[in-house]
Amino acid sequence: MDIRPFGVEMWMNEFETKCELNLAETCVESITLGELFEMAGQHNSILNDLSAMKMTYGAIEGSDRLRDAISSLYEKQTRDNILTTHGTIGANSLVHQTLVARGDHVISVIPTYQQHYSIPESIGADIELLHLRPENAFLPDLDALRAMVRPDTRLIAINNPNNPTGALMDRAMLEQIVEIARSVDAWLLCDEVYRGTDQTGDGFTAAVADLYEKGISTAGMSKAYSLAGLRVGWIAGPKDMLHDVMIHRDYNTISVGQVDELLASFALENRDKILARAQRITRENLRIVEDWIENEPLISWVPPKSGTTALLKYDLPMSSRDLCITLLKEEGVMLTPGSAMDMEGWLRLGYTNPTADLKAGLAKFSGFLARHSSS
């Protein structure tokens, strides 16, 4: 299999340990295990739980406890509609590998997480991209999508909330996309790893798995739950589809670690506390970014409605990669270049690391912009 290099991941791998202030991070500020135990009321019993755990592979499809906790995030899913994976990245990869074959017609939005177009492309699918544009608030043009689908369309891949734009499709728009997918009997995959971080309400928008008989939702513990180190994700969808996924999963996963699944269960069973923290951070920090952009003439954007990232349009005569490398060298501040996401001329800002880091990083970026606008 010949596959394109994963632009964002290569950038992160190269530079995230070399910066002073990381404004490229996409997770809500990670929590410690001690903080998790405190939120879950497990400080006195966790050692007993771990001591009694025999280090077998565990339940291959995921523990009943964890799958029950995950299913409670959805309106219509049960334990049997859930399969655990190594992160959302593992979930997405397995869905594409299971459903897509050479020659299949696949539609993906762009920008999005690169898996959703590069994996089908590597398999030999006929991949078609639906471009999300700032003039549409980075929401999909549904007339364009209707024109793209064909009787042989196999899969439509969307991302809600969207990475990197923070755009958010509401239930009504998702239901229209479902009808488009249903009209050609296509699978609809929605990467929902940022679900729970909406800027208003309870933070949750409808899940595609609950809206469509061929809808698939993927998510995990990394973003809203601040537990990327657990490497726990999942696929929610029809049982027959999960059975087919298991055939592929047996070749690369066997099972997710029992310790990781236990800790993920603690988190989801006490998610109200974790999500309240996440929403406080995402909402307060986004106000800081909004105020900063109002005073930066070289920066414009479409304000995010959800998620942990925003795309910034900049007005300087340099490529996004050159800008990011120069900013890193001169100020120690890390952003992600749009070129890593096939969005040249833009920068991705992750705004949910510690508030003090965000303020300091934005101040340094302001100095950089002022200096280079006059040079």
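That block above? That's the structure.
The notes below deal with the structure included here. Residue numbers restart at each chain and count upward from 1, following the sequence in its written direction. The predicted nature of this model means local features are confined to residues of pLDDT at least 70 and side-chain atom pairs, given and counted, to a pLDDT of 80 or more, with totals for whole chains, interfaces and linings taken over all residues. Each side-chain value is worked out from all heavy atoms of the structure, with water and hydrogens disregarded.

Helical segments are the DSSP runs of H or I of at least four residues, strand segments are the runs of E of at least two, and each set is numbered from the N terminus. Within the secondary structure layout, Glu330 lies in helix α13 (residues 320–331). As a C-alpha pair, Glu330 and Phe365 span 35 residues in sequence and 9.8 Å in three-dimensional space. Apart from the residues within four sequence positions on either side, Glu330 is in contact with Phe368, Arg371 and His372. We call two residues in contact when some of their heavy atoms are within 4.5 Å.

Take helix α6 (residues 115–123) next. An α-helix turns once every 3.6 residues. As a result, residues three or four positions apart point the same way. The buried label applies to any residue whose accessible area, calculated with a 1.4 Å probe on protein chains only, is under 20% of its type's maximum; exposed applies above 50%, and partly exposed to all values in between. The buried fraction of α6 amounts to eight of the nine residues, a majority that puts the element mostly inside the structure. Of all the residues in α6, the buried ones are Gln115, His116, Tyr117, Ser118, Ile119, Pro120, Ser122 and Ile123. Against the buried residues of α6 lie α5 (87–99), β3 (105–110), β4 (126–131), β5 (153–159) and β6 (187–191). Looking at the residues trailing α6, positive phi occurs at Gly124, about 105°.

Time to look at the packing of aromatic side chains. Centre distance within 6.5 Å is the pairing criterion for rings of Phe, Tyr and Trp, where only the six-membered ring of Trp is used; planes under 30 degrees apart are then read as stacked, over 60 as edge-to-face, and the remainder as tilted. Inspection of the entire model under this criterion finds five aromatic pairs. Between Trp11 and Phe15 the ring centres are 4.4 Å apart and the planes differ by 50°, which places this aromatic pair in the tilted class. Residue Trp11 and its partner Phe15 are located together in helix α1 (residues 7–15), separated by four residues, close to a single helical turn. One exposure class covers both Trp11 and Phe15, and it is buried. Summarising the aromatic geometry, the rings of Trp292 and Phe365 are spaced 5.6 Å apart at their centres and angled 25° between planes, so their arrangement reads as stacked. On the criterion of sequence distance, the pair formed by Trp292 in helix α12 (residues 271–294) and Phe365 in helix α14 (residues 355–373) is long-range, its members being 73 residues apart. Across this residue pair, the class does not change: Trp292 and Phe365 are buried. Grouping aromatic residues by their ring pairs yields a cluster made of Trp292, Phe365 and Phe368.

Residues belong to one nonpolar core when they are buried, are Ala, Val, Leu, Ile, Met, Phe, Trp, Tyr or Cys, and are joined through side-chain atoms within 4.5 Å. By size, the foremost hydrophobic cluster in this structure holds 68 residues, and its most contacted members are Ile158, Leu188, Leu312 and Phe365. If one sorts the elements of this core by residue count, helix α8 (residues 171–183) sits on top with six residues. Setting aside its immediate chain neighbours within four residues, Phe365 contacts Trp292, Ile299, Leu312, Leu323, Leu327, Leu335 and Leu347. The next biggest cluster of nonpolar side chains, apart from the first, holds 33 residues, and it includes Phe37, Tyr225, Val256 and Ala267.

Moving on, we get to the sheet that holds strand β12 (residues 336–337). Sheet architecture is open: four strands sit in the order β9-β10-β13-β12, paired in antiparallel fashion. Every interior strand has two partners, whereas the edge strands, β9 (299–301) and β12, have only one. In terms of strand pairing, strand β10 (residues 309–314) meets strand β13 (residues 346–350) through five bridges, oriented antiparallel. Opposite Leu312, over in β13, you have Leu347 as the bridge partner. For two strands to be treated as a pair, DSSP must find no fewer than two bridges joining them.

A word on the side chain of His96. Mapped onto the fold, His96 is located in helix α5. If near-sequence neighbours (up to four positions away) are discounted, His96 is found in contact with Gln115, His116, Ile119, Pro120, Ile123, Leu155, Ala157 and Leu189.

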